[in-house]
Amino acid sequence: MTDNKKLEPGDTAPAFTLPDADGNDVSLSDYAGKKVVIYFYPAASTPGCTKQACDFRDSLAELNGAGLEVIGISPDKPAKLAKFRDAEGLNFPLLSDPEKSTLLAWGAFGEKKMYGKTVQGVIRSTFLVDEAGKIEVAQYNVRATGHVAKLRRDLSV
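Here goes a summary of the coordinates provided. (Residues numbered from 1 in each chain as written. Predicted model: local features only at pLDDT ≥ 70, side-chain atom pairs only at ≥ 80, totals over all residues. Heavy atoms only, no water.)

A tally of helices and strands in the protein yields 4 helices and 9 strands. Written out in order from the N terminus, the α and β elements of the protein read β-β-β-α-β-α-β-α-β-β-β-β-α. Since a compact globule built from 157 residues should have a radius of gyration of about 15 Å, the 14 Å found for the protein is in line with a globular shape. Dimensions of the protein along its principal axes, counting C-alpha atoms only, are 40 × 35 × 30 Å. Per-residue burial for the protein yields a buried fraction of 48% across its 157 residues. The contacts of the protein with a sequence gap of at least 6 include a subset with a gap of at least 24, amounting to 63%. Surface summary for the protein: the accessible area is close to 7,500 Å², and the carbon and sulfur share equals 51%. Positive and negative side-chain charges in the protein, numbering 20 and 21 respectively, have mean positions lying 7 Å apart. (Helix = DSSP H or I, 4+ residues; strand = E, 2+ residues; numbered from the N terminus. Rg over C-alpha atoms; globule rule 2.2 N^0.38 Å. Buried < 20%, exposed > 50% of the residue type's maximum accessible area, 1.4 Å probe, protein only. Contact = heavy atoms within 4.5 Å. Areas by Shrake-Rupley, 256 points an atom, 1.4 Å probe, with all protein chains shown as cover. Lys, Arg positive; Asp, Glu negative; His and termini not counted. Charge placed at Lys NZ, Arg CZ, Asp CG, Glu CD.)

Right, let's talk about the sheet that holds strand S8 (residues 125–129) for a bit. Read from one edge of the open sheet, 5 strands run S5-S4-S3-S8-S9, paired in mixed fashion. For this open sheet the edge positions go to strand S5 (94–96) and strand S9 (135–140), each flanked by a neighbour on one side alone. Here the strands of the sheet are splayed against their neighbours by 20° on average, with no regard to which way each runs. Across the face of the sheet, helix H1 (residues 47–65) comes into contact with strand S3 (35–40), strand S4 (68–74) and S8 while running at roughly 160° to S4. Sitting on the sheet, helix H2 (residues 78–88) is in contact with S4 and S5, with an inclination near 165° to S5. (Pairing = 2+ DSSP bridges. Axes fitted to C-alpha atoms, helices over the stretch in contact; angles between N-to-C directions.)

In this section: the packing of H1 against helix H4 (residues 147–154). The contact between H1 and H4 brings their axes to 9 Å, and the two run at 30°. As summarised for this structure, H1 and H4 are arranged roughly parallel, according to the angle between their axes. Residue-level contacts link Gln52, Asp55, Phe56, Ser59, Glu62 and Leu63 of H1 to His147, Val148, Leu151 and Arg152 of H4. Looking at the contact of H1 with H4 residue by residue, the class counts come to 4 nonpolar, 3 polar and 3 charged. (Parallel < 35°, antiparallel > 145°, perpendicular 65-115°, else oblique. Nonpolar A, V, L, I, M, F, W, Y, C, P; charged D, E, K, R; others polar.)

Further remarks concern the pattern of salt bridges. On inspection of all chains with the given rule, the structure shows 8 salt bridges. In this structure, glutamate 136 and lysine 35 form a salt bridge, with 3.2 Å as the shortest nitrogen-oxygen distance. With glutamate 136 in strand S9 and lysine 35 in strand S3, this residue pair connects regions lying 101 residues apart in the sequence. As a salt-bridge pair, aspartate 76 and lysine 80 come within 3.3 Å of each other at their nearest N and O atoms. (Salt bridge = Lys/Arg side-chain N within 4 Å of Asp/Glu carboxyl O.)

Here we come to unusual backbone geometry. In the Ramachandran plot, lysine 100 falls in the positive-phi region, its phi being about 65° despite a non-glycine side chain. Checked against the element boundaries, lysine 100 lands in the loop between S5 and helix H3 (101–105). The exposure class of lysine 100 is partly exposed, given its relative accessible area of 26%. Backbone geometry at asparagine 141 places phi at a positive 55°, although glycine is not the residue there.

Put into structure tokens, the structure is as follows:
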């Protein structure tokens with residue numbers, strides 16, 4: 001098992017084009033000139049991921065008001081993402097990366113500790129990409145609960 005290179009502030013955000021919950025392609029380049037929060041989560045409709053997604057949903061007006069867009073990315077297929085979005089009333093794009101190529105490029109897939117064991121999996125991570133496509137904030141191994149509130153405090157939103 002190998003550990004990925006982690007992104008750091010100042011790095012160029014790795015480009016991606018992934019299908020959303022409706023199967024439409026969404027690219028990082030679609031957000032050029034905007035600030036975007038990109039978060040990676042392990043699995044739709046699980047307790048922690050639901051809590052985190054709902055926290056982003058409930059904070060979206062304030063985040064948007066501060067000029068921030070939000071995108072969630074997981075290895076789930078679009079159909080599962082659509083069910084998750086509809087069940088939770090999520091109001092931001094959820095993107096599907098079943099091949100994990102984007103997860104790997106962003107350092108959000110690799111070795112992690114789970115219940116005391118080292119396993120390969122999605123590393124819950126959040127990034128802020130600036131208007132020029134550079135990483136402004138890179139946070140790995142974030143907690144699902146309370147993370148959005150901490151992010152808002154860190155960004156003064």
